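# Tertiary structure, described
Given next are the chains, with one letter for each unit.
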Amino acid sequence: MMLSSGSIGQAYFNLAGRWWASEPRQNWPDDAELQLELKDVWMEPYGDRRQELVCIGQNVDKEQLVSALTHSLLTESEMSDWQTGRMTYNNPFLNPEGENDAISEIQ
């Protein structure tokens, strides 16, 4: 999924490819280059699932931005709580019926 924002504060989500970890192995291509790339990024138990954030802007205080983003990460304890189901939160991307509005709008 990709989040894009416009110059006037607009934001929207788009699909941005697939995670091979979610595909049965028999559906993977035989591409040797892809196999090497997956080996480099693969991390159990998540496989190639990861988030990447790219910030593009002018006159951005990099240290302040990195600090704010780092501060927003889960602590080891919070991550453990999430992994064991002890942490719950309201997902802002799901509507009351449990459907993903962001994905529904672009399909």
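Scroll up for the structure.
Read on for an overview of the structure. (Residues numbered from 1 in each chain as written. Predicted model: local features only at pLDDT ≥ 70, side-chain atom pairs only at ≥ 80, totals over all residues. Heavy atoms only, no water.)

Judged by side-chain polarity, Leu 74, Trp 82 and Tyr 89 come together as a nonpolar surface patch covering roughly 340 Å² of accessible area. Of the residues examined, Tyr 89 reaches a relative accessible area of 55% and is grouped as exposed. (Patch = residues over 30% accessible without salt bridge, like charges linked within 9 Å, V, L, I, M, F, W, Y side chains within 5 Å. Areas by Shrake-Rupley, 256 points an atom, 1.4 Å probe, with all protein chains shown as cover. Salt bridge = Lys/Arg side-chain N within 4 Å of Asp/Glu carboxyl O. Buried < 20%, exposed > 50% of the residue type's maximum accessible area, 1.4 Å probe, protein only.)

Centre distance and the angle of the planes are the two values used to describe a pair of aromatic rings. Taken as a whole and assessed by the stated rule, the structure comprises 2 aromatic pairs. Measuring from centroid to centroid gives 6.3 Å for Trp 20 and Trp 28, while their planes differ by 65°, and the two rings are edge-to-face. Taking the centre distance of 5.6 Å and the plane angle of 55° together, the rings of Trp 28 and Trp 42 count as tilted. Highlighted residues: Trp 28 in the loop between β2 (11–14) and α1 (32–41) and Trp 42 in the loop between α1 and α2 (62–71), separated in sequence by 14 residues. Exposure remark for Trp 28: the relative accessible area of 13% places this residue in the buried category. In this structure Trp 42 comes out as partly exposed when scored by relative accessible area, which is 31%. Among the aromatic side chains, those forming a connected cluster through ring pairs are Trp 20, Trp 28 and Trp 42. (Phe/Tyr/Trp six-rings, centres within 6.5 Å; stacked < 30°, edge-to-face > 60°. Helix = DSSP H or I, 4+ residues; strand = E, 2+ residues; numbered from the N terminus.)

This part takes up the environment of Trp 42. It is 9.9 Å that separates the C-alpha atoms of Trp 42 and Trp 20, two residues lying 22 residues apart in sequence. Excluding its chain neighbours within four sequence positions, the residues that come into contact with Trp 42 are Ala 21, Trp 28, Gly 47 and Asp 48. Engagement of the side chain of Trp 42 in a polar contact is seen with the side chain of Glu 44, the distance being 2.8 Å. (Contact = heavy atoms within 4.5 Å. Polar contact = N/O pair within 3.5 Å; in protein donor to acceptor, adjacent residues only side chain to side chain.)

A separate point is unusual backbone geometry. A negative phi holds for most residues other than glycine; trans holds for most peptide bonds. Residue Glu 44 is joined to Pro 45 through a cis peptide bond whose omega torsion reads 5°. With respect to the element layout, Pro 45 can be found in the loop between α1 and α2. In this structure, Asn 59 is a non-glycine residue whose phi angle is positive, near 55°. Tracing the backbone through its elements, the reader meets Asn 59 in the loop between α1 and α2.

What is shown is where atoms sit, not what they do.
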